[in-house]
Protein chains: 2
Amino acid sequence: MLKDKFRLQIPGPTPIPPRVQQAMNRPMIGHRDPDCSQLVREISLRLAPVFGTKNPVLLLAGSGTSALEAAAVNTLSQGDEAAVVVTGAFGDRFANILSSMDVTLRRLDIPWGKSCSPEELTSFLKKHPQVKTVFLTYCETSTGVLNPIRELATVIREQTDALIVADGVSCIGGVPAGVEDWKIDILVSGSQKALMLPAGLAFAAISDRAWKRIETNPHPRFYLDFRKYRNSLQNKTTPFTPTVSLLFGLEEVLNIIEEEGLETIFARHRLMRDVFRAGMRALGLTLLTDDRDASPTVTAVRGGDSWSATDLSQELRRLGLRVAGGQQHLKGEIFRIGHMGYADPLDMLTAVTAIEVALARLGAPVKLGAGIQAAEEELIHVSSTDH
Amino acid sequence: MLKDKFRLQIPGPTPIPPRVQQAMNRPMIGHRDPDCSQLVREISLRLAPVFGTKNPVLLLAGSGTSALEAAAVNTLSQGDEAAVVVTGAFGDRFANILSSMDVTLRRLDIPWGKSCSPEELTSFLKKHPQVKTVFLTYCETSTGVLNPIRELATVIREQTDALIVADGVSCIGGVPAGVEDWKIDILVSGSQKALMLPAGLAFAAISDRAWKRIETNPHPRFYLDFRKYRNSLQNKTTPFTPTVSLLFGLEEVLNIIEEEGLETIFARHRLMRDVFRAGMRALGLTLLTDDRDASPTVTAVRGGDSWSATDLSQELRRLGLRVAGGQQHLKGEIFRIGHMGYADPLDMLTAVTAIEVALARLGAPVKLGAGIQAAEEELIHVSSTDH
């Protein structure tokens, strides 16, 4: 079989659109060249609607975690109290970052696969009225949960003066975001998920309220100091060497996003989620999350009685479809597929039929065609009503 | 929806493997540079097994038709008699080429969608014992028929001294070929089908017997004179400017072919054909060709009672799948998909599910999942026995 041919259907990195790949191959320019300054400034402004912010979005050369840590070190200092809502591996990542700082960590652990409810957060915050920053995960990549950060932000605002930080790495660009409207203070993301780029570029959208804290926060920091990024941006540049090729690519990504339109993009992501979930359900597979909590960008499915998620992933790989496994205690228990960025509903049908074949090859009880039938029905139904 | 994202499933051009695309982006070199000479020589030799020839394969800068015409003008001259077996639009192309020459054309027309049988050809040749060259189409792109050129060549050899020319444009690289073993005299092909390249490069594999005719054939010719190509190849070059980027790409194509191995490639193409046909049949659609005649590289399907092939193609295009329509009198009557080159069985499942959705959107009677079930069964069955 064709060894090199595969569909990259993991929850990031995601496939790069050919137009973006071509843009990244543009001849290199100096990062202090006026052309690069123009690019940095335009990108910062054009990203703002994607994050739902009125301020230019900051661009960090780093992976998503660099922006997560930046959100912590710019808003907390020695002795402060911080709260983290942990719904999976990336909430845990926030907790690990905070553990590396001299702050008091208050941790709200939610069972993996479930979202945090406003009620749970309300009770938790009642016990910890002193927290200065609350860290939320918008889409939890490890489970496919989309936390209701808008509602969570509301209860935080009602109860405390804490800043609200949200990790949107695995969903921004595929779901709505409202730094302004939802009163999120810092929303961070990375380039390699719904934003259709290779990894290496991180983003931070920051509210005016957060800037007040950031300006005077005494925690020592240099590379991750948001103030340096804002100051440099006023001169249309970055404080340290930017990822020029990724900026070339991002300019083209923004063209693609603006051509399709954010609302259409969000509808496409919801449709992919619904088509894939309908297929899995009809095959009798167990989805890790309830419909209510399901992210439009990533879906996790449990292994079966007679087959492991790991075996299934290997069979899928042989068929030319690459999916991801579980993390931490879900390793071997689930497989995950990403459906974000440069992906469409037909990719979901391809994934469902591949899973049917892989299950049959594993000797699992599977009614061939049943998953596809349900997935197709979902696609036909939704397309005829919403599109 | 993502406007730029689509699966190119037409019978050529076919998708370019990323490795090949990258190879074509290598910095340009002069075509009389020793590096280019080395490339031309190696490619000519490495192509030989793909055509089943012991002689180096000639490389023409041109589309497939240039090589078809070259086969005519190098083997026929004024007043000669030539026979063409016409099983579709590309047999017709041969006839049109011959009509532009001052030769007597004997034409054996077979209904489109059927192959030419050895018996039909035998009776035909009995009526025309003077023909000097017989033109055959190996895979007829317009119908998806694979003519039994091995058997046809046998009856030609038994009855006449005519040279045997075969058009392998839409199959070479995806099906076996035997210039030596099958006693074909000239086998031509193009770059943009099973050979996974953009169009612009044509190939001719030529037997020793054909060379005797070519050397003395008096028909006027310059660009298409095979003798010039053979003479230049002895100096590791081409008589006219070669398509350097396509040669870079072809070198990588040959790497890919040699890594997978010809027998595995042929099995993959047969499997794609069988998976797709099983799906179409289970959906109650009418295949243009019988199983016996069906090419491993392209399949044609008729429109239905309540829907036209054109409408279906448009629906598929909206879903992100591009297929081709019919040619000449089959325009609007059929749709065609290519399954050759950089394509795998999962592409066929994707095509089948897309067709199910498109039929439902057209209001056609379709049992969702029925085509996929049959296609998956074919894949699972064949893979478990042959792979």
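All figures in this text were calculated on a predicted structure; none of them were measured in a lab.

This paragraph deals with the side chain of S115(B). Residues and elements named next belong to chain B. Within the fold, S115 resides in the loop between strand 4 (104-109) and helix 6 (118-127). A residue is classified by how much of its surface remains accessible, and S115, at 6% relative accessible area, is buried. In terms of polar contacts, S115 uses its side chain to reach the side chain of D293, at 2.8 Å. Dropping the residues within four chain positions of it, S115 is found in contact with T87, I110, E120, V145, L146, N147, P148, R292 and D293.

Here the structure, examined in full by the defined rule, presents 12 aromatic pairs over all chains. Taking the centre distance of 5.0 Å and the plane angle of 25° together, the rings of Y223(B) and F240(B) count as stacked. Placement of the pair is Y223(B) in the loop between helix 8 (208-216) and helix 9 (226-234) and F240(B) in the loop between helix 9 and helix 10 (244-260), with a sequence separation of 17 residues. Linked through ring pairs, F222(A), Y223(A), Y229(A) and F240(A) together constitute an aromatic cluster. Here K5(A) stacks its cationic end above the ring of Y342(B), 5.1 Å away from the centre of that ring. Taking the ring centre of F6(A) as reference, the NZ or CZ of R322(A) above it sits at 3.7 Å.

A few words now on the sheet that holds strand 11 (residues 298-302) of chain A. The strands making up a sheet associate through hydrogen bonds between their backbones, and the pairing can be parallel or antiparallel. Residues and elements named next belong to chain A. Strand order across the open sheet formed by three strands is 11-14-13, with antiparallel pairing between neighbours. Single-partner strands in this sheet number two, and they are strand 11 and strand 13 (324-325). Of the strands in this sheet, strand 11 and strand 14 (334-338) are in contact with helix 11 (residues 262-282), which crosses strand 11 at around 10°.

Let's shift gears to the UniProt feature "domain: Aminotransferase class V" (unreviewed entry) in chain A. The UniProt entry lists residues 28-328 of chain A under the feature "domain: Aminotransferase class V" (unreviewed entry), expressed in the numbering used here. With 42% helix and 17% strand, residues 28-328 of chain A has end C-alpha atoms that lie 40 Å from one another.

Residue and element names in this part refer to chain A. With five of five residues buried, strand 5 (residues 133-137) lies mostly within the body of the structure. Of the two faces of strand 5, both are covered, the one formed by T133, F135 and T137 as well as the one formed by V134 and L136. Both strand 3 (residues 81-86) and strand 5 contribute to a ladder of three bridges, which runs parallel. When the sheet's bridge partners are listed, A82 is paired in strand 5 with T133. In terms of strand pairing, strand 5 meets strand 8 (residues 163-167) through five bridges, oriented parallel. Counterpart to L136 in the pairing with strand 8 is A166.

What follows covers helix 2 (residues 34-46) of chain B. All names here are of chain B. Taking 1.5 Å per residue, 13 residues should reach 18 Å; helix 2 reaches 18 Å between its end C-alpha atoms and fits that length. Taken as a whole, helix 2 has its buried residues at C36, S37, L39, V40, I43 and S44. Seen along its axis, helix 2 keeps its buried residues to an arc of 160°; they face one direction. Across from the buried face of helix 2, at angles greater than 90 degrees, the exposed residues are P34 and D35. Looking at where helix 2 begins, the residue whose side-chain oxygen comes 2.8 Å from the main-chain nitrogen of D35 is D33.

This part covers the relation of the copies chain A and chain B. If you rotate chain A by 180° and push it 0.0 Å along the axis, it lands on chain B with an RMSD of 0.0 Å. Both chain copies can therefore be described as sitting about a two-fold axis. Using C-alpha coordinates, one finds that chain A approaches the rotation axis most closely at G369(A), a distance of 2.2 Å. A shared binding surface is used by both copies, with 100% of the interface residues of chain A retained as interface residues in chain B.

Residue and element names in this part refer to chain B. Of all hydrophobic cores here, the largest spans 94 residues; its most connected members are L121, F135 and F226. Per-element accounting of this core gives the leading share, nine residues, to helix 10. Excluding its chain neighbours within four sequence positions, the residues that come into contact with F226 are L58, L60, A67, A70, A71, N74, I186, A204, I206, W211 and I214.

Each partner contributes residues to the interface: chain A has 41 residues there, and chain B has 41 residues. Regarding the contact of chain A and chain B, the summed buried area is about 3,500 Å², with carbon and sulfur atoms giving 63% of it. The largest contributions to the chain A side of the interface with chain B come from M1(A), L2(A) and L346(A), which together make up 21% of the buried area. On the surface where chain A and chain B come into contact, there are eight salt bridges. Across the pair R7(B) and D347(A) runs a salt bridge whose closest N-O atoms are separated by 2.6 Å. Inspection of the region where chain A meets chain B yields 15 residue pairs in polar contact (both at pLDDT 80 or more). The set of elements that each furnish at least two residues to the side of chain A that touches chain B consists of helix 10 (244-260), helix 11, helix 13 (345-361) and helix 14 (370-386) of chain A. Among the residues forming the side of chain A that touches chain B, the class breakdown is 18 nonpolar, nine polar and 14 charged.

This model, assessed by the stated rule, comprises 48 salt bridges over all chains. Between K132(A) and D80(A) there is a salt bridge; the shortest N-O distance is 3.7 Å. In this pair, K132(A) is assigned in the loop between helix 6 (118-127) and strand 5 and D80(A) in the loop between helix 4 (64-73) and strand 3, connecting sequence segments 52 residues apart. For R46(B), the salt bridge goes to E258(B), with nearest N and O atoms at 3.0 Å. Separated by 212 residues along the polypeptide, R46(B) in helix 2 and E258(B) in helix 10 bring together distant segments of the chain. Using a relative accessible area of 45% as the deciding quantity, one classes E258(B) as partly exposed. Here the residues in one salt-bridge network are D4(A), R19(B), E252(B) and E259(B), joined through shared partners.

As a further point, take the packing of helix 11 of chain A against helix 13 of chain A. Residue and element names in this part refer to chain A. Where helix 11 contacts helix 13, the two axes come as close as 9 Å, and the packing angle between them is 20°. With respect to their mutual orientation, helix 11 and helix 13 come out roughly parallel. Remark: the crossing between helix 11 and helix 13 carries right-handed chirality. Counted together, L271, M272, V275, F276, G279 and M280 of helix 11 and P345, M348, L349, A351, V352 and I355 of helix 13 form the full contact between these two elements. Here the residues of the contact of helix 11 with helix 13 are counted per class, giving 11 nonpolar, one polar and no charged.

The rules behind each value
- Every chain is numbered on its own, with residues counted from 1 as its sequence reads.
- Naming scheme: in the order in which they are written, chains are lettered from A and ligands are numbered from 1.
- The predicted nature of this model means local features are confined to residues of pLDDT at least 70 and side-chain atom pairs, given and counted, to a pLDDT of 80 or more, with totals for whole chains, interfaces and linings taken over all residues.
- Each side-chain value is worked out from all heavy atoms of the structure, with water and hydrogens disregarded.
- Helix and strand definitions here come from DSSP, where helices need a minimum of 4 consecutive H or I residues and strands a minimum of 2 consecutive E residues; each element is numbered from the N-terminal end.
- Burial here depends on accessible area, computed with a 1.4 Å probe over protein chains only, as a share of the maximum for the residue type. Under 20% is buried, over 50% is exposed, and the range in between is partly exposed.
- We call two N or O atoms a polar contact when they sit within 3.5 Å, provided that within protein one can donate a hydrogen and the other can accept it, with sequence-adjacent residues counted only if both atoms are side-chain atoms.
- Residues are treated as being in contact if the distance between any of their heavy atoms lies within 4.5 Å.
- Two rings from Phe, Tyr or Trp (for Trp, the six-membered ring) form a pair when their centres are within 6.5 Å of each other. A pair whose planes differ by under 30 degrees is stacked, one over 60 is edge-to-face, and the rest are tilted.
- To sit over a ring, a charge needs its Lys NZ or Arg CZ within 6 Å of the ring centre and within 35 degrees of the ring normal.
- The pairing criterion is simple: DSSP has to find at least two bridges between the two strands.
- What counts as an axis is a line fitted to C-alpha atoms, over the stretch in contact for a helix, and the angles between N-to-C directions run from 0 to 180 degrees.
- UniProt positions are given in the numbering used here, feature names are shortened, and annotations may be inferred rather than shown by experiment.
- Here the expected length of a helix is defined as 1.5 Å per residue gap, with one fewer gap than residues.
- Directions drawn from the helix axis to the C-beta atoms are what define this arc.
- Overlaid copies result from least-squares superposition on C-alpha atoms, with residues included only where pLDDT is at least 70 in both.
- By nonpolar core is meant a set of buried Ala, Val, Leu, Ile, Met, Phe, Trp, Tyr and Cys residues that side-chain atoms within 4.5 Å join together.
- The buried area of a pairing is the accessible area, by a 1.4 Å probe, that goes missing from both parts when the two are put together, added over both.
- A side-chain nitrogen of Lys or Arg and a carboxyl oxygen of Asp or Glu constitute a salt bridge if their distance falls within 4 Å.
- We call Asp, Glu, Lys and Arg charged. Ala, Val, Leu, Ile, Met, Phe, Trp, Tyr, Cys and Pro are nonpolar, and the rest, Gly among them, are polar.
- Oblique is the label for any angle not under 35 degrees, not over 145, and not in the 65 to 115 range, which are roughly parallel, roughly antiparallel and roughly perpendicular in turn.
- Left-handed is the label given to a crossing in which the near helix is rotated counterclockwise from the far helix by less than a right angle, and right-handed is the label when the rotation is clockwise.

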